[in-house]
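Spelled out, the chains give:
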Amino acid sequence: MNVYPLNNKPLSRGIASERLCTRGVHLSPKRSLITTAMSSRTEDGLAVDTTLNPRVAAVKPSKTMALTDLASSLREQGVDIIGLAAGEPDFDTPEPIIEAGIEALKTGVTRYTPNAGTAQLRRMICDKLLEENGLQYSPDEIVLSNGAKQSVWQGLLAVCSPGDEVIIPAPFWVSYPEMARMAGAEPVIVSTDADQGFLMTPDQLKACLTPKSRLLILCSPSNPSGAVYSESQLKAIAEIVREHPRLMVLSDEIYEYIIYNPARHVSFAGIPGMFERTLTVNGFSKAYAMTGWRLGYLAAPQHFAKACAIIQSQSTSGASSIAQHAAMAALRMGKHGGPIVEDMVAAFQMRRDYVVDRLKGMKYIKIVEPQGAFYVLPDISDMFAKGCYTDDFGPIADSDTFVKYLIEKANVATVPGQAFGAPSCIRISYAASMETLEKALDRIEHAIDLLKEKK
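Residues numbered from 1 in each chain as written. Predicted model: local features only at pLDDT ≥ 70, side-chain atom pairs only at ≥ 80, totals over all residues. Heavy atoms only, no water.

Asks: Help me out: how do you make sense of the overall build of the protein in this one?
Replies: Along its length, the protein carries 14 helices and 17 strands. A compact globule built from 455 residues should have a C-alpha radius of gyration of about 23 Å, and the protein, at 22 Å, falls within 12% of that. Here the protein holds 455 residues, and 54% of them are scored as buried. On the protein, roughly 20,100 Å² of surface is accessible, and the fraction owed to carbon and sulfur atoms is 53%. Taking the average location of the 46 positive side-chain charges in the protein and that of its 50 negative ones, the two points are 6 Å from each other. (Helix = DSSP H or I, 4+ residues; strand = E, 2+ residues; numbered from the N terminus. Rg over C-alpha atoms; globule rule 2.2 N^0.38 Å. Buried < 20%, exposed > 50% of the residue type's maximum accessible area, 1.4 Å probe, protein only. Areas by Shrake-Rupley, 256 points an atom, 1.4 Å probe, with all protein chains shown as cover. Lys, Arg positive; Asp, Glu negative; His and termini not counted. Charge placed at Lys NZ, Arg CZ, Asp CG, Glu CD.)

As structure tokens, this is what we get:
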């Protein structure tokens with residue numbers, strides 16, 4: 001089990017444990033990205049300073065978005081490409097939500113809303129959090145934003161100061177480390193692997209904490225692994241958090257409803273003693289198939305919610321009035337989304353079972369059955385260990401190479417694990433029809449069967 005910092009080179013922190021955590025790698029001033037393009041010239045020959053903000057220059061583009069865009073581009077060119085890189089449901093937005101959106105358009109609900117969201121929707125979110133999560137918030141502790149990604153970003157920016165450390169268990173969602181950097185903080189990566197179910201242990205967390213530790217990010221159910229922390233595991237983590245008064249927790253619960261028995265979702269803010277130090281992020285995109293509506297929310301103690309609202313007021317302002325009106329219809333569909341969401345989750349579980357079963361039968365692959373979300377994260381390190389290659393493609397040196405191999409030889413787009421801090425894995429989204437998944441897995445299996453082992 002190896003530790004990989006953000007430059008993907010093995011690195012240990014120099015303590016007795018085999019693998020604990022790694023801290024972000026920074027560019028020295030002499031090698032800064034911003035010094036490589038200091039100026040250009042206008043048509044009249046005048047020099048123009050094209051320097052970028054150092055924080056912006058250091059941010060990496062999202063590989064998930066890049067590969068999704070690549071698959072779309074190839075498809076537009078007539079290539080029979082199957083995209084399994086996207087992080088969104090393939091279902092249409094439920095009809096009651098669509099009708100509410102149309103109603104908003106027809107009845108003039110098209111103007112600015114209060115910055116933090118409409119009072120009615122914030123009250124409904126409070127009711128949802130109390131009934132389903134056992135969390136008691138007031139409307140002034142809820143901030144609606146243009147997607148849960150914005151909620152995460154504003155939470156980081158509100159809590160972290162330059163030089164603070166943000167603890168991020170790997171595999172992680174691709175944007176967490178980059179957001180930490182943009183906030184001036186340093187991402188500290190806690191590496192996990194398939195043998196431990198991609199779940200961080202309390203001992204790993206404890207070993208990484210320093211006086212600079214400011215924020216721990218938890219995502220359960222997880223993107224990209226589908227791992228789900230149990231209540232007992234969260235309580236054990238909370239015991240470590242409790243020992244560090246400066247440490248806050250951002251709990252990303254966007255996949256809350258997409259969870260499979262016997263796993264059960266538990267909100268970290270509901271663990272005794274954790275409410276006052278937890279920022280809970282959720283939204284409507286995943287559970288309600290509303291990715292394009294762009295609506296998420298943060299629930300936090302008033303001090304932090306107010307800070308996030310101030311950031312939002314000076315950047316994007318409030319979320320779409322139409323999306324907010326539609327979200328009220330979503331919350332009226334019933335507990336945990338009601339029968340419509342239950343049907344979507346049942347379909348996801350059927351696909352999960354099929355994908356996991358197929359992958360288990362393929363060479364070189366080790367798989368942990370996900371307990372939530374709609375991704376699998378197969379470990380393909382056996383390919384590297386056995387020197388797998390093909391004559392016309394070359395060696396499969398890492399997950400980046402394997403993803404390229406699948407695009408070239410199987411016309412299937414996945415995402416390399418390096419993007420998620422899991423360099424021995426690839427991520428496959430099963431948010432696709434069974435027919436599409438069957439075809440994609442047939443192609444992947446055939447491509448794997450073509451591999452030879454170095455002698």
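Asks: It is not clear to me how the pairing of strand β8 (residues 213–219) should be interpreted in this structure. Could you clarify?
Replies: Along any regular strand the residues' side chains alternate between the sheet's two faces. Within β8, seven of the seven residues are buried, leaving the element largely enclosed by the surrounding structure. One ladder, built from three bridges, connects strand β6 (residues 165–170) with β8; its direction is parallel. Within β8, the position partnered with Glu165 by the bridge is Ser213. In this structure, β8 lies alongside strand β9 (residues 248–252), joined through five bridges in parallel fashion. Bridging across to β9, Leu215 finds its partner in Met248. Between the parallel pair β8 and β9, the chain is carried across by helix α8 (residues 231–242), and the sense of this crossover is right-handed. (Pairing = 2+ DSSP bridges. Right-handed = clockwise from strand over helix to strand, strands pointing away.)

Asks: So what exactly am I meant to see when it comes to the environment of Leu130 here?
Replies: Examined against the element boundaries, Leu130 turns out to sit in helix α4 (residues 119–133). Distance in space between the C-alpha atoms of Leu130 and Gly83 is 38 Å, their sequence separation being 47 residues. With near-sequence residues (within four places) excluded, Leu130 lies in contact with Leu135 and Gln136. (Contact = heavy atoms within 4.5 Å.)

Asks: What should I look at first to understand the sheet that holds strand β11 (residues 296–299) in this one?
Replies: Hydrogen bonds between backbone groups are what pair the strands of a sheet, and the pairing can be parallel or antiparallel. Taken together, eight strands build an open sheet; the order of strands is β1-β7-β6-β8-β9-β10-β11-β5 and the sheet is mixed. Of all strands in the sheet, those with a lone pairing partner are β1 (21–23) and β5 (142–145), marking the two edges. Neighbouring strand axes in the sheet, compared pairwise and without regard to direction, differ in orientation by 20° on average. The sheet contact formed by β5 and β11 spans four bridges and is antiparallel. Within β11, the position partnered with Val143 by the bridge is Leu298. Each of β5, β8, β9, β10 (278–283) and β11 touches helix α9 (residues 302–313); the most contacted strand, β5, lies at about 30° to it. (Axes fitted to C-alpha atoms, helices over the stretch in contact; angles between N-to-C directions.)

Asks: I would appreciate a short explanation of the pairing of β11 in the present structure.
Replies: With burial as the criterion, each face of β11 is covered, one bearing Gly296 and Leu298 and the other bearing Tyr297 and Ala299. Pairing geometry for β10 and β11, over four bridges, is antiparallel. Paired with Thr280 across the bridge in β11 is Ala299.

Asks: Just checking my understanding: could you explain the side chain of Ser220 for this structure?
Replies: Examined against the element boundaries, Ser220 turns out to sit in the loop between β8 and α8. Within the structure, Ser220 has its side chain in polar contact with the backbone nitrogen of Tyr229 (distance 3.0 Å). Beyond its immediate stretch of four places on either side in the chain, Ser220 contacts Ala227, Val228, Tyr229, Asp252, Glu253 and His265. (Polar contact = N/O pair within 3.5 Å; in protein donor to acceptor, adjacent residues only side chain to side chain.)

Asks: I'm lost on the sheet that holds strand β17 (residues 426–429) in this one. Help?
Replies: Pairing within the open sheet is antiparallel, and its three strands lie in the order β12-β17-β16. Because the sheet does not close on itself, it has two edges, and the strands there are β12 (375–376) and β16 (415–416). Here β12 pairs with β17 via two bridges, running antiparallel. What sits directly across from Val376, in β17, is Ile428.

Asks: I tried to follow the packing of aromatic side chains on my own but got confused; where do I start?
Replies: Each aromatic ring pair is described using two quantities: the centre-to-centre distance and the angle formed by the ring planes. Under the defined criterion, the tally for this structure stands at 12 aromatic pairs. Considering the side-chain rings of Tyr257 and Tyr288, the 6.1 Å spacing of their centres and the 75° angle between planes classify their relative orientation as edge-to-face. Residue Tyr257 is located in the loop between β9 and β10, and its partner Tyr288 is located in the loop between β10 and β11; the two are separated by 31 residues in the primary sequence. Consider the rings of Phe374 and Tyr375, whose centres lie 4.9 Å apart with planes at 50°: the pair is tilted. Each of the two residues, Phe374 as well as Tyr375, counts as buried. In textbook terms, an aromatic cluster arises when at least three aromatic residues are bridged by ring pairs, as seen for Phe91, Tyr255, Phe348, Phe374 and Tyr375. (Phe/Tyr/Trp six-rings, centres within 6.5 Å; stacked < 30°, edge-to-face > 60°.)

Asks: Quick question: what am I supposed to make of the confidence of the model for the protein here?
Replies: Predicted coordinates in areas of low pLDDT are best not read in detail. Chain-level statistics for the protein give a pLDDT mean of 91 and a share of 91% at 70 or above. Here residues 1–19 scores under 50 on pLDDT; set against residues more than four positions off or in separate chains, the count is 46 contacts. Contacts from residues 25–36, a stretch scored under 50 in pLDDT, to residues over four places away or in other chains number 15 contacts. (pLDDT = per-residue confidence, 0-100.)

Asks: Could you clarify how one ought to interpret the packing of α4 against helix α10 (residues 321–331) in this entry?
Replies: In a packed pair of helices, the relevant descriptors are the angle between the two axes and the axis-to-axis distance. Here α4 crosses α10 at 30°, and the two axes come no closer than 10 Å. One finds that α4 runs roughly parallel with respect to α10. For the pair α4 and α10, the sense of crossing is left-handed. In this structure, α4 contributes Gln120, Leu121, Met124, Ile125 and Lys128 to the contact, and α10 contributes Gln324, Ala327, Met328 and Leu331. (Parallel < 35°, antiparallel > 145°, perpendicular 65-115°, else oblique. Left-handed = near helix turned anticlockwise from the far one by under 90°.)

Asks: Please clarify how the pattern of salt bridges should be interpreted in this entry.
Replies: Two side chains of opposite charge can pair, provided their charged atoms sit close to one another. Summed over the entire model, instances satisfying the criterion amount to 18 salt bridges. The salt bridge involving Arg352 is made with Glu369; its shortest N-O contact spans 3.8 Å. A residue pair is termed long-range when its members are at least 10 positions apart, and Arg352 in helix α11 (residues 338–360) and Glu369 in the loop between α11 and β12 qualify at 17 residues. For Arg352, a relative accessible area of 4% puts it in the buried group. Given the relative accessible area of 36%, Glu369 is considered partly exposed. Asp392 serves as the salt-bridge partner of Lys409, at 2.7 Å between the closest nitrogen and oxygen. (Salt bridge = Lys/Arg side-chain N within 4 Å of Asp/Glu carboxyl O.)

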